[in-house]
Number of protein chains: 4
Amino acid sequence: MTVTDGSPVTIVATDADDQPRRTPELEELYRGFESELLVPLWTEIGDLMPPTPRSKAVPHLWRWDRLLPMAERAGRLVPVGRGGERRAIALANPGLGGRPFATPTLWAAIQYLNPGEDAPVHRHTQNAFRFVVEGEGVWTVVDGDPVAMRRGDFLPQAGWHWHGHHNDTDAPMAWIDGLDIPFQHLVESTFFEFGPDEVETRETPQRSRSERLWGHPGLRPLTHLEPTPATPLLAYRWEYTDRALAEQLALEAEGHRATVEPGHAAVRYTNPTTGGDVMPTVRAEFHRLAPDTATAPRQEVGSSVFQVFDGTGQVTVGRQSWSVQRGDLFVVPSWQPLTLATEGGLDLFRFSDAPIFERLHQHRVQYKETAQ
Amino acid sequence: MTVTDGSPVTIVATDADDQPRRTPELEELYRGFESELLVPLWTEIGDLMPPTPRSKAVPHLWRWDRLLPMAERAGRLVPVGRGGERRAIALANPGLGGRPFATPTLWAAIQYLNPGEDAPVHRHTQNAFRFVVEGEGVWTVVDGDPVAMRRGDFLPQAGWHWHGHHNDTDAPMAWIDGLDIPFQHLVESTFFEFGPDEVETRETPQRSRSERLWGHPGLRPLTHLEPTPATPLLAYRWEYTDRALAEQLALEAEGHRATVEPGHAAVRYTNPTTGGDVMPTVRAEFHRLAPDTATAPRQEVGSSVFQVFDGTGQVTVGRQSWSVQRGDLFVVPSWQPLTLATEGGLDLFRFSDAPIFERLHQHRVQYKETAQ
Amino acid sequence: MTVTDGSPVTIVATDADDQPRRTPELEELYRGFESELLVPLWTEIGDLMPPTPRSKAVPHLWRWDRLLPMAERAGRLVPVGRGGERRAIALANPGLGGRPFATPTLWAAIQYLNPGEDAPVHRHTQNAFRFVVEGEGVWTVVDGDPVAMRRGDFLPQAGWHWHGHHNDTDAPMAWIDGLDIPFQHLVESTFFEFGPDEVETRETPQRSRSERLWGHPGLRPLTHLEPTPATPLLAYRWEYTDRALAEQLALEAEGHRATVEPGHAAVRYTNPTTGGDVMPTVRAEFHRLAPDTATAPRQEVGSSVFQVFDGTGQVTVGRQSWSVQRGDLFVVPSWQPLTLATEGGLDLFRFSDAPIFERLHQHRVQYKETAQ
Amino acid sequence: MTVTDGSPVTIVATDADDQPRRTPELEELYRGFESELLVPLWTEIGDLMPPTPRSKAVPHLWRWDRLLPMAERAGRLVPVGRGGERRAIALANPGLGGRPFATPTLWAAIQYLNPGEDAPVHRHTQNAFRFVVEGEGVWTVVDGDPVAMRRGDFLPQAGWHWHGHHNDTDAPMAWIDGLDIPFQHLVESTFFEFGPDEVETRETPQRSRSERLWGHPGLRPLTHLEPTPATPLLAYRWEYTDRALAEQLALEAEGHRATVEPGHAAVRYTNPTTGGDVMPTVRAEFHRLAPDTATAPRQEVGSSVFQVFDGTGQVTVGRQSWSVQRGDLFVVPSWQPLTLATEGGLDLFRFSDAPIFERLHQHRVQYKETAQ
């Protein structure tokens, strides 16, 4: 699908000639519009109807080595408990006016829990997940099921399920929360309820009940045969993700089609009851670039947040470029071209709002031929 | 589904005790957050996670007898053509900072075309429709198919289809445009392309080709057997809508279940290839209240815009109440209770963003037992 | 999709060399198989796994002028009532061993009701419909809703709905019943229940309640928003079918794509809640050939029954050819090529088992280039 | 859902009074029907429309210790190769007239391959799978991907994929094939093509490429994002099935809902791209009964074949009862009540035609409260 060159519409949006001449009668009409709470299309169309998406969000990188110390200081100064609910510190995209929005639809925050602390139980319509770039020791209790959190694990926690966290070790733990808070805030669909101040159980099993029921490839318990909007599997363990990626690269080396592009392995986390995305508004994936790999530029409707899980590389989003390393987080606004490159190899966790656009038939993706 | 009483969380959002004490160290931490483009959850949660949706939009009524004269004056002062594209004047919800947004997701505007005028051809990803409360004489040409517009007709025009309008009569015509412009603006999925400055055809048939192919109840042409995201039927004529509503009330009178509630008939405009909504982001319905009918209060996630098509009545949205008559437009923000009442009978066109919430599993509706 | 030439496998199926030599040991093994209720694949594969479907059913034509008199004589000799349930006389395909099966999956029968007679109320899991080639005067009462039957009407009546018929005129009436009796008999899914001996109501309205609720193009009552497995519309009236076909031919004449092939108009009867087939196992269509039209040969997995509604023509199915006229019924077995031709014009009603194959991913269609 | 008592309709079907008296005129009419290839409903209705399904198939048990020796003798006497294609010996239900049909829809056979033998490559529209009750050493090569077969493995192989087998060990191997051959034979949808006489590859990897791509719980390769009608996972290994069942029983013991009924664990093999059945016409499950467990009687539309994988128990189907042990196969015809009981524990593989009925909205299941 080709997209028109932006320039003519840029002119539309900016060139005064394009607007009717400001006669006294017109000025009076415009004043009339104001008093009647009306706004004409012809003065707004350039902003409202650009030739391609113009994101207010900007590409931006947050360094883990700046983020983590902030969370640690918050751990010393800010209690966690009822009311504030979570010791979570959100990425605020510089293009979005200081709101805690990584992109117009996505929330990304670092959450921090000290030894012995509880994050109280609540539920909300926002879809959430946790991703662990390092550390362990916290259990998130979802509808009474304790789920261990460890490096590399992806832990979805869909809307309107009760959940709280507790740290039963003697070390603090930090992780990343991803949610659709900005989206639900914009479209005004948010519900929230308090639960108990403490988690229902302090059990610390290595595997949650949901994993024991659902964590077997292609097997479904006969007790749960209906599709559910969100995944019933509460933990996607690193051991499986790592193996799936390693085997894609091995299959490629053996001459079989298994990777997205040469040297680029990727898996999507899915809902085993449908084969689709883990949650109705959030897509989550893990990408692995083999050493000396560069991806082709890619543009997509909707926004993404990436976190570097391992390795180092160069990331280019639109006109921005960064060298990245473990824990660094960056955002890709709607329709901004993304390129990834690495010498030593690069592992990346990604989440995005793509399911929103696919379900509403607004999704578009565009690949450029090859990196120039 | 019961929803928690808002007060505790209101406290969360406002009560200073609920926040950590503002020590110098904390102030310094907050400054650090700012410089690192971070925002804590605990200072924002009251706004971001209310117990039930708190719409920034407010209930508001626009009177047709104020709106139409504005459009007529614009018809004299403002040319229609390339660049501005349409002589459309949008409702700007007083709660939304002067933007041309009737609600956070929906655009509603009056469009006006003088005798002999063309609205130039373009296409965009926004889903659009026209509804005609009075007058006729304009043909909208969609992908080359000329569609007559007449009082009571609903004319969907889904995203990314070429369309322009022309008025070949000697009288001006005004109608209502509905689109998902604010939604696509917020989520940044907008594409736009220019077409020819004049419509492809000046034919003025009474029935469009789409009606001749698709306008037969329960019959589908064998040339088009795949489901399409939006309806292929480009005109839903008043004659059918009126009859469907009249028959629901007649069936009710004969003792059969056919109405939503006593005296309240309603139809939804649907896509004949799926039986679902006419467009992926927009729901359109027509409601008829028999004389001396009052509806039960109803709350729904997502927002609606209503236009009075005929009759008079009393409308209550949240704490607002109005007496309404032909052409008046009002908005119902997310989760605000709506009640309709009439003595002489009331016909209402409604459109909403409900498909967004249903497709993303965020939809909720709540009926109160009866008006207290 | 190309299909392999049958000959090699024909050899497999018939050539004795292809079978292991009949040594005494082998004979003994085969006797052992028999006593253990076992059958080897290698002796059966030619019949069980042909290169393309080999239908046991054969192409056959039943002449209306022979069928109708039989029904009239049955009307004089055979009472209709509880036990026998219906005065229905079924087509028995000569290839199917004298069973009342038009094809291996489809039942087609002529039903006949005298003035004043009732066909008693019952329900069954079989999906049924009636199609009227001539006459009127009978009402079929479905779940208490009286549905008039008239020439050209298609009247679906999905599985497990109560139904009976009554003739309140002073003239007898005959029509065609179509059901999936053979299919459900083969797969053993049949349930049946008796209802009252007389229909619940003797009302004779021109339009059923279902038409008044559902018979408006693209409009859906808000009281019924969930998809249903079968259509809620109980009558597809000739007036609409005729107009839809006429307009397809008119659009073709105006240079627009609207017909299946030149001069060949066709509509499918659909379920307005899904846009799909009227019933889970039965497809129903109406085809109109303009004068001097011939269709390209067409092969399809699954079987069809056609009834000539009007006009005359030549029908070729496999190696069979017939001249046909009003009321004549013929069957098209699975994968047998069908060609239709007419000089004066030909209207055909068709029903088939295609939804079974589409839902089970077994459907295939093949068009040959053009009629030789 | 309650089902009517069968007796009244049994009477309908058998009581001569129920038929019109055999006058000479009626006899003549019946002769007329015959000559015109017609059959009346009223003489057939008892057989065609019973109150509940009356399967022609009967409950039957095949003993593994009789079946396996037959296969071994066939291994000595019957070559495997082009034409016969497979050394497969099918269960012939005594109720189905000697055809190789385990039930009216399902094929079940023991297949046997000697050391060094190849079963030649072909493809067919029938959906197939293999299940291994004992032994190993054969690789089935599906579209060029070699898949090891070992005890406890379920190996689906959906319609129209190329496949052959080879035994590269020095021991023979036997296993069970399940297919929908009878169903596709009845509905006449069968296509078949020959491939090479030898498998494309003699590689003998422990894990197939499909497992390396798809065998990771909840993870999907980004190279394959579209749903497919049948599972892309070609091996469901015993290690996972065994663990899933063990954990259901462990969760039950811990007081959580995880089993179908007390002591009865069960998993369904599913298509990871949809969460649904592995193939469009075939359901496959594995059931484990803990020691001293008895199941409640269960009736279901459609038929099943079970194979005992391990343990011993008592099986009751309708009026038949058997003591069963490893390898024994038994069939459950449509709507026949099934009860399973064990003292020492019982592992059962099951396959059925349930997807056919679910997709066609003909499925019914009935549980009796408890065994009387």
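Residues numbered from 1 in each chain as written. Chains lettered and ligands numbered in written order. Predicted model: local features only at pLDDT ≥ 70, side-chain atom pairs only at ≥ 80, totals over all residues. Heavy atoms only, no water.

Notes on the packing of helix α4 (residues 64–77) of chain A against helix α2 (residues 24–35) of chain B
Any two packed helices are characterised by the angle at which their axes cross and by the distance between the axes.
Okay, so step 1: Between α4(A) and α2(B), the least distance of the axes is 11 Å, while the angle of their chain directions is 155°. On the basis of the axis angle, α4(A) is roughly antiparallel to α2(B). Relative to α2(B), α4(A) is oriented so that their crossing is left-handed. From α4(A), M70(A), R73(A), A74(A) and L77(A) reach across to α2(B), where they touch E25(B), L26(B), E28(B), L29(B), G32(B) and F33(B).
Okay, so step 2: Residue composition of the contact of α4(A) with α2(B), grouped by class: 6 nonpolar, 1 polar and 3 charged. (Axes fitted to C-alpha atoms, helices over the stretch in contact; angles between N-to-C directions. Helix = DSSP H or I, 4+ residues; strand = E, 2+ residues; numbered from the N terminus. Parallel < 35°, antiparallel > 145°, perpendicular 65-115°, else oblique. Left-handed = near helix turned anticlockwise from the far one by under 90°. Contact = heavy atoms within 4.5 Å. Nonpolar A, V, L, I, M, F, W, Y, C, P; charged D, E, K, R; others polar.)

What to know about the interface of chain B and chain A
Quoted interface sizes are often the accessible area lost when the parts come together.
Okay, so step 1: Tallying the contact residues gives 96 residues for chain B and 96 residues for chain A.
Okay, so step 2: In total, about 8,100 Å² of surface goes out of reach between chain B and chain A, with carbon and sulfur atoms giving 68% of it.
Okay, so step 3: Its largest share of buried area at the contact with chain A, chain B owes to L48(B), E188(B) and F191(B), together 10% of the area lost on that side.
Okay, so step 4: Among the ionic pairs, R66(A) bridges to E36(B), the shortest N-O distance being 2.5 Å.
Okay, so step 5: Taken together, chain B and chain A are joined by 29 residue pairs in polar contact (both at pLDDT 80 or more).
Okay, so step 6: Taken together, the residues of the side of chain B that touches chain A sort by class into 55 nonpolar, 22 polar and 19 charged.
Okay, so step 7: As paired elements, strand β1 (residues 38–40) of chain A and strand β3 (residues 88–91) of chain B share 3 bridges and run antiparallel to each other. Bridging from a neighbouring strand, L38(A) pairs with L91(B) of β3(B). (Buried area = accessible area lost by both parts, 1.4 Å probe. Salt bridge = Lys/Arg side-chain N within 4 Å of Asp/Glu carboxyl O. Polar contact = N/O pair within 3.5 Å; in protein donor to acceptor, adjacent residues only side chain to side chain. Pairing = 2+ DSSP bridges.)

Let's talk about the relation of the copies chain B and chain A
Okay, so step 1: Superposition of chain B onto chain A requires a rotation of 180° combined with a translation of 0.0 Å along the rotation axis, giving an RMSD of 0.0 Å. This pairing of chains is accounted for by a two-fold axis. Residues of chain B ranked by C-alpha distance from the rotation axis are headed by R359(B), positioned 3.2 Å from it.
Okay, so step 2: Looking at the interface residues of chain B, 100% of them are also at the interface in chain A, so both copies use one shared face. (Least-squares fit on C-alpha atoms with pLDDT ≥ 70 in both.)

What about the interface of chain D and chain A?
Okay, so step 1: Tallying the contact residues gives 42 residues for chain D and 42 residues for chain A.
Okay, so step 2: Interface area for chain D against chain A, summed over the two sides, is near 3,700 Å², with a carbon-plus-sulfur share of 60%.
Okay, so step 3: On the chain D side of the interface with chain A, the three residues burying the most area are R212(D), P217(D) and L222(D), jointly 18% of the side's total.
Okay, so step 4: Here chain D is connected to chain A by 4 salt bridges.
Okay, so step 5: Residue R212(D) is joined to E254(A) by a salt bridge in which the shortest nitrogen-to-oxygen separation is 2.8 Å.
Okay, so step 6: Scanning the region where chain D abuts chain A turns up 16 residue pairs in polar contact (both at pLDDT 80 or more).
Okay, so step 7: Of all the secondary structure elements, the ones that give two or more residues to the side of chain D that touches chain A are α6 (209–214), β13 (219–221), α7 (238–253), β14 (264–269) and β15 (283–289) of chain D.
Okay, so step 8: Take the side of chain D that touches chain A: its biggest share by element is 8 residues, from α7(D).
Okay, so step 9: Its residues placed into classes, the side of chain D that touches chain A shows 18 nonpolar, 14 polar and 10 charged.

What to know about the domain arrangement of chain A
Okay, so step 1: Per the domain assignment, the segments of chain A are domain 1 (1–49), domain 2 (60–214) and domain 3 (238–367).
Okay, so step 2: On a C-alpha basis, the centroid separation for the pair domain 1 of chain A and domain 2 of chain A is 44 Å. (Domains from an automatic or database assignment.)

Focus: the arrangement of the chains
Okay, so step 1: Chain C makes no contact with chain A, the minimum C-alpha separation between the two being 17 Å.
Okay, so step 2: Taking C-alpha atoms as the reference, chain B and chain D come no closer than 17 Å and do not contact one another.

Considering the relation of the copies chain D and chain A
A rotation about an axis combined with a shift along that same axis relates the two copies of the chain.
Okay, so step 1: For the match of chain D to chain A, the screw axis carries a shift of 0.0 Å, the RMSD comes to 0.0 Å, and the turn is 180°.
Okay, so step 2: A share of 100% of the interface residues of chain D reappears at the interface of chain A, consistent with the copies meeting face to face through the same patch.

Remarks on helix α2 (residues 24–35) of chain A
Okay, so step 1: Between its first and last C-alpha, α2(A) extends 17 Å over 12 residues, near the 16 Å set by a 1.5 Å rise per residue.
Okay, so step 2: Taken residue by residue, α2(A) has L26(A), L29(A), Y30(A), G32(A) and F33(A) as its buried positions. Across the axial projection of α2(A), the buried residues extend over an arc of 155°, all falling on one side. Along α2(A), the residues that are exposed and aim more than 90 degrees away from the buried face are P24(A), R31(A), E34(A) and S35(A).
Okay, so step 3: Contacts made by the buried residues of α2(A) are with β1 of chain A together with α4 (64–77) and β3 of chain B. (Expected span 1.5 Å × (residues − 1). Buried < 20%, exposed > 50% of the residue type's maximum accessible area, 1.4 Å probe, protein only. Arc of directions from axis to C-beta.)

Digging into the sheet that holds strand β12 (residues 192–194) of chain C
Residues and elements named next belong to chain C.
Okay, so step 1: Pairing in this open sheet of 5 strands is antiparallel, and the strands run β8-β7-β10-β5-β12 from one edge to the other. Edge positions in the sheet fall to β8 (145–150) and β12, since each has one partner strand and no second. The average undirected angle you get between the axes of adjacent strands in this sheet is 25°.
Okay, so step 2: Here strand β7 (residues 136–142) pairs with β8 via 5 bridges, running antiparallel. Across the sheet, V141 pairs through a bridge with P146, a residue of β8.

Here we look at the sheet that holds strand β11 (residues 173–179) of chain D
Okay, so step 1: Read across the open sheet, the 6 strands follow the order β1(C)-β3(D)-β4(D)-β11(D)-β6(D)-β9(D); overall the sheet is antiparallel. Each edge of the open sheet is held by one strand with a lone partner, namely β1 (38–40) of chain C together with β9 (154–157) of chain D. Strand after strand, the sheet turns through a mean of 25° between neighbouring axes, direction not considered.
Okay, so step 2: Where strand β6 (residues 128–131) of chain D and β11(D) come together, 4 bridges link them in antiparallel fashion. In the strand pairing of β11(D), R130(D) is matched with D177(D).
Okay, so step 3: Along the sheet, helix α4 (residues 64–77) of chain D contacts β1 of chain C together with β3 (88–91), β4 (107–113) and β11 of chain D; its crossing angle with β4(D), the most-contacted strand, is approximately 50°.

Comments concerning the pairing of strand β21 (residues 329–332) of chain D
Residues and elements named next belong to chain D.
Okay, so step 1: Side-chain alternation along β21 places L329 and V331 on one buried face and F330 and V332 on a second face that is also buried.
Okay, so step 2: When strand β2 (residues 60–62) meets β21, the two strands line up antiparallel, connected through 3 bridges. Bridge pairing in β21 places H60 opposite V331.
Okay, so step 3: Here 4 bridges tie strand β18 (residues 304–311) to β21, and the two strands are oriented antiparallel to one another. Bridge assignment links Q307 to a residue of β21, and that residue is L329.

Let's talk about helix α2 (residues 24–35) of chain D
Because the α-helix completes a turn every 3.6 residues, residues three or four places apart line up on one side.
Okay, so step 1: Contacts made by the buried residues of α2(D) are with α4 (64–77) and β3 (88–91) of chain C together with β1 (38–40) of chain D.
Okay, so step 2: Positioned one or two residues after α2(D), L37(D) has a phi angle of 60°, which is positive.

Regarding the pattern of salt bridges
Okay, so step 1: Following the criterion strictly, the structure yields 124 salt bridges over all chains and no others.
Okay, so step 2: Across the pair R202(A) and D118(A) runs a salt bridge whose closest N-O atoms are separated by 2.7 Å. Highlighted residues: R202(A) in the loop between β12 (192–194) and α6 (209–214) and D118(A) in strand β5 (residues 118–124), separated in sequence by 84 residues.
Okay, so step 3: The exposure class of R202(A) is partly exposed, given its relative accessible area of 38%.
Okay, so step 4: Between R237(B) and D153(B) there is a salt bridge; the shortest N-O distance is 2.6 Å. Taken together, the positions of R237(B) in the loop between β13 (219–221) and α7 (238–253) and D153(B) in the loop between β8 (145–150) and β9 (154–157) put the pair 84 residues apart, joining distant regions of the chain.
Okay, so step 5: Residue classification places R237(B) among the buried positions, given a relative accessible area of 6%.
Okay, so step 6: Through salt bridges with shared partners, a single network forms among R268(A), E285(A), R298(A), E300(A) and R350(A).

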